[in-house]
Amino acid sequence: MDERFPLAYRVFRRIVRMLLRIFFSEIACDGAERVPVGPGGLVIAWHPNGLIDPALIFSFFPRRIIFGARHGLLKWPVLGRLFRAIGTIPIYRADDLTDKSRAERYEANKKSLDILARELASGSFSALFPEGLSHDLSHLSEVKTGAARLYNRACTLTAPESSCPIIVPIGLHYDRKNIFRSRVLLQIYDPIEIPQELMCHVSSAQGAPSAPEALNASGAPNTQGAPNTSGASYVQGAPNTQGAPNTSGASNTQGAPADTEILDERTRITRLTKLIGNSLAETTHATDDWELHHLMHRARKLVRAERAHRTGSTLKRPDIREYELGFSRIWHAYQIRVRDSPEQTEQLLERLASYDKLIRAAGIEDHEISSGPGLGSPKWYAFFIAQLVTVYVFLPPVLILGYVINAIPYFLLKHIDRKYSVYDKDGASIKIIVGSVLFPLFWILAATSAVVLRQQVEPWFPVVPERLILLWMVTFLFSIGSGFLALRYAELSAEMARAIRVRATRRRRKKTLLELQTIRADLFDELIEMSRDLDLPGQVTPGGEIIADE
């Protein structure tokens, strides 16, 4: 749908998408067809990865997103102009306007949020993180009321003959969120089914006040949540107990069916906040802690490996869709069985944890217990050696210069990441933002140095272009290409080393591997029994792959 977006929006979206595709080795977006063409609404998601979360939604959501951002960001010389060009709405948070009186701060906050609500009522979409802050938890932090208040206000501003805005939950699933060349799935789900009594609305003509009506009818600002550390938007709701009855003087049930329960604004916001929280917990596959999250992934890999072993299939590494779908099946089965059979489920987790310790101590993966890594096949060795000869014998200047030019920004970026990434959630944001400046800067420096030092370089490279502008361009492109080449061969070397190590382990620890194979088979039987007769997402093919439901 890019053709419907303003030019500045399209350009910025493509730049952001390009940077994301450089950082992540695989980005998948599913469910775009679930977003209806008609009404606007809220896009909600959990917030585990700083600026990366809004960047992904901005880049891949099929409808235009109207963002809200702290007003201070729009004052930055370049970034501020860019934000304004794509339609960003400045959010005046009461905590930021320290030079204003309390009443003025609240009024500015109300007006900015009311503008955002009007955009939703008129058919636009806005992305919101209801937790109010980014974090490193394996589950949602407290869901603030800001999303419910914004939605409630948008409903009151929607004309009675029009449909209320919708709420579209998005699951953001990272395999390793802060690691370069990791993977991510953006899963767009069906709009939340909102009960009629939570979405009743009146128009301004029916008595609902227009701007600057507060989203918080009690008059308290929506800024009591923890700050959003991503630096972008978004509505920061007050605790759930801060709501107050609607003081607009108009009924919130005009136009509703006669049998619809009549609720005051406070009750609607409280119930809607709970509905939003439950939906996000489902879409994010929240777990109590990272240890349980890791064990579920261990169960996912175990089941896939044992099923392939029993069917004689050779499975490739799962893509991010199958990766997350396999986890989703384990997660849904666990949610049901931990309620139905808590003791049996706890015992299974204990055995799974014991197996996990053994396999990690052996330094192998589940699928390597009964078969060696495909990377270690004779054909692969021959292909890899041929590549090494080609690069290290015939193209040594390319690889060496690739390391030299890109090593300095690489290690500088690692230093900056270690110094300023206090939490994992900050890592990817810092790497993309700083790396997108640092590497091009050194490529430009290398190209400029080649022009300045042309006479000294010519004896080593007789084919150096005579025209300076052509020399500059060739060197700049060479810096980029040689950097990617060096990165690729570093990855191949790591894969080669792992293949050799796993093969050595299989020869040296045959007894341990036989024991692990027996444990894996027993756990597989228990996990399959646990999921029997359950309606789980996805379908298992005869070969052991998991595909989405049709």
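Predicted, not measured: the structure shown is a model, and the values here were computed from it. (Residues numbered from 1 in each chain as written. Predicted model: local features only at pLDDT ≥ 70, side-chain atom pairs only at ≥ 80, totals over all residues. Heavy atoms only, no water.)

Participant: Describe the overall build of the protein, and please don't skip the residues or the numbers.
Facilitator: In terms of helices and strands, the protein carries 15 helices and nine strands. Within the span of the protein, comprising 550 residues, buried residues form 49% of the whole. Of the contacts made within the protein by residues no fewer than 6 positions apart, 76% connect residues no fewer than 24 positions apart. (Helix = DSSP H or I, 4+ residues; strand = E, 2+ residues; numbered from the N terminus. Buried < 20%, exposed > 50% of the residue type's maximum accessible area, 1.4 Å probe, protein only. Contact = heavy atoms within 4.5 Å.)

Participant: Can you lay out helix 5 (residues 146-156) for me, pointing to particular residues and giving the numbers?
Facilitator: In an α-helix, one turn spans 3.6 residues; hence positions three or four apart end up facing the same way. Buried residues dominate helix 5, accounting for 11 of its 11 residues. Of all the residues in helix 5, the buried ones are Gly146, Ala147, Ala148, Arg149, Leu150, Tyr151, Asn152, Arg153, Ala154, Cys155 and Thr156. Buried residues in helix 5 make contact with strand 2 (41-45), helix 4 (102-121), strand 5 (125-128), strand 6 (166-174) and helix 6 (265-284).

Participant: Now, about the packing of aromatic side chains: what can you tell me, with residues and values included?
Facilitator: One pair of aromatic rings is described through two measures. These are the centre distance and the angle between the planes. Counted by the stated rule, this structure contains 12 aromatic pairs. A centroid spacing of 6.0 Å and a plane angle of 55° characterise the contact between phenylalanine 58 and phenylalanine 67, whose relative ring orientation is tilted. For phenylalanine 58, a relative accessible area of 4% corresponds to the buried category. Seen from their ring centres, tyrosine 410 and phenylalanine 411 are 5.1 Å apart, and the 80° between their planes marks the pair as edge-to-face. The class for phenylalanine 411 is exposed, based on a relative accessible area of 52%. Between the NZ or CZ atom of arginine 181 and the centre of the ring of phenylalanine 180, over which it lies, the distance is 5.9 Å. The side chain of arginine 183 reaches across the aromatic face of tyrosine 323, ending 5.2 Å from its centre. (Phe/Tyr/Trp six-rings, centres within 6.5 Å; stacked < 30°, edge-to-face > 60°. Lys NZ or Arg CZ within 6 Å of the ring centre and 35° of its normal.)

Participant: Account for helix 12 (residues 424-452), naming residues and giving values.
Facilitator: With 29 residues, helix 12 ought to run about 42 Å at 1.5 Å a step, and its terminal C-alpha atoms sit 41 Å apart, in line with that. Taken as a whole, helix 12 carries its principal kink of about 35° at glycine 435. (Expected span 1.5 Å × (residues − 1). Bend = angle between axes of the 7 residues up to and from the residue.)

Participant: Break down the side chain of serine 138 for me, with residues and values.
Facilitator: Position of serine 138 relative to the elements: it lies in the loop between strand 5 and helix 5. Classification of serine 138 by relative accessible area gives buried; the value is 4%. Within the local environment of serine 138, its side chain forms a polar contact with the backbone oxygen of threonine 287, the two atoms lying 2.9 Å apart. Among the polar contacts listed, one links the side chain of serine 138 to the backbone nitrogen of aspartate 289, at a separation of 3.3 Å. Beyond its immediate sequence surroundings of up to four residues, serine 138 is in contact with Trp46, Ala286, Thr287, Asp288, Asp289 and Trp290. (Polar contact = N/O pair within 3.5 Å; in protein donor to acceptor, adjacent residues only side chain to side chain.)

Participant: Could you give an account of the environment of isoleucine 330, with specific residues and numbers?
Facilitator: Topologically, isoleucine 330 is positioned in helix 8 (residues 320-340). Spatially, the C-alpha atom of isoleucine 330 lies 8.1 Å from that of serine 531, the residues being 201 residues apart in sequence. Excluding anything up to four places from it in sequence, isoleucine 330 contacts Met296, Ala299 and Arg300.

Participant: If you had to explain the pairing of strand 7 (residues 183-188) to someone new, which residues and values would you point to?
Facilitator: Counting buried positions along strand 7 yields six of six residues, so the element is predominantly enclosed. Side chains Arg183, Leu185 and Gln187 project from strand 7 onto one buried face, and the interleaved Val184, Leu186 and Ile188 project onto a second face that is buried too. Here strand 1 (residues 26-30) runs beside strand 7; their pairing, made up of five bridges, is parallel. Along strand 7, the bridge assignment pairs alanine 28 with leucine 185. As paired elements, strand 6 and strand 7 share five bridges and run antiparallel to each other. Bridge pairing in strand 7 links tyrosine 174 to valine 184. (Pairing = 2+ DSSP bridges.)

Participant: I'd love a proper account of the nonpolar core, names of residues and values included.
Facilitator: With 69 residues, the main nonpolar core has Leu20, Leu56, Ile57 and Phe61 as its most contacted residues. Formed by 28 residues, the second largest nonpolar core is a distinct cluster that contains Leu292, Met296, Leu302 and Ile359. (Core = buried A, V, L, I, M, F, W, Y, C linked by side-chain atoms within 4.5 Å.)

Participant: Requested: an account of the sheet that holds strand 6, with residues and values cited.
Facilitator: Strands sit in the order 1-7-6-2-5 across an open sheet of five strands; the sheet is mixed. Looking along the sheet, the strands with just one partner apiece sit at the ends: strand 1 and strand 5. Here the strands of the sheet are splayed against their neighbours by 20° on average, with no regard to which way each runs. In the packing of helix 8 onto the sheet, contacts are made with strand 1, strand 6 and strand 7, and the angle to strand 7 comes to roughly 65°. (Axes fitted to C-alpha atoms, helices over the stretch in contact; angles between N-to-C directions.)

Participant: I'd like a description of the pattern of salt bridges, backed by residues and values.
Facilitator: Under the criterion given, the structure shown has 22 salt bridges. A salt bridge links aspartate 366 to arginine 298; the nearest nitrogen and oxygen atoms lie 2.5 Å apart. Here the residue aspartate 366 occupies a position in the loop between helix 9 (342-362) and helix 10 (378-394), and arginine 298 occupies one in helix 7 (residues 290-311), the gap between them amounting to 68 residues. A salt bridge links glutamate 368 to arginine 498, with the nearest nitrogen and oxygen atoms 2.7 Å apart. With a gap of 130 residues between them, glutamate 368 in the loop between helix 9 and helix 10 and arginine 498 in helix 14 (residues 468-508) connect regions that are remote in the sequence. Ionic contacts of the salt-bridge type, sharing partners, join the residues Arg298, Lys301, Asp356, Arg360, Glu365 and Asp366 into one network. (Salt bridge = Lys/Arg side-chain N within 4 Å of Asp/Glu carboxyl O.)

Participant: Explain the side chain of serine 59 to me, and be specific about the residues and the numbers.
Facilitator: Relative to the assigned elements, serine 59 resides in helix 2 (residues 52-60). Taking relative accessible area as the criterion, serine 59 reaches 0% and is therefore assigned buried. Non-local contacts of serine 59, meaning those with residues more than four positions away in its chain, are made with Arg13, Val16, Arg17 and Leu20.

Participant: Talk me through the packing of helix 5 against helix 6; I want residue IDs and the actual numbers.
Facilitator: At their nearest, the axes of helix 5 and helix 6 sit 8 Å apart, and the two run at 125° to each other. If you check the angle between helix 5 and helix 6, you find them oblique. With respect to the hand of their crossing, helix 5 and helix 6 are arranged in right-handed fashion. Seen from helix 5, the contacting residues are Ala147, Ala148, Arg149, Tyr151 and Asn152; seen from helix 6, they are Glu265, Arg268, Ile269, Leu272, Thr273 and Ile276. Here the residues of the contact of helix 5 with helix 6 are counted per class, giving six nonpolar, two polar and three charged. (Parallel < 35°, antiparallel > 145°, perpendicular 65-115°, else oblique. Left-handed = near helix turned anticlockwise from the far one by under 90°. Nonpolar A, V, L, I, M, F, W, Y, C, P; charged D, E, K, R; others polar.)

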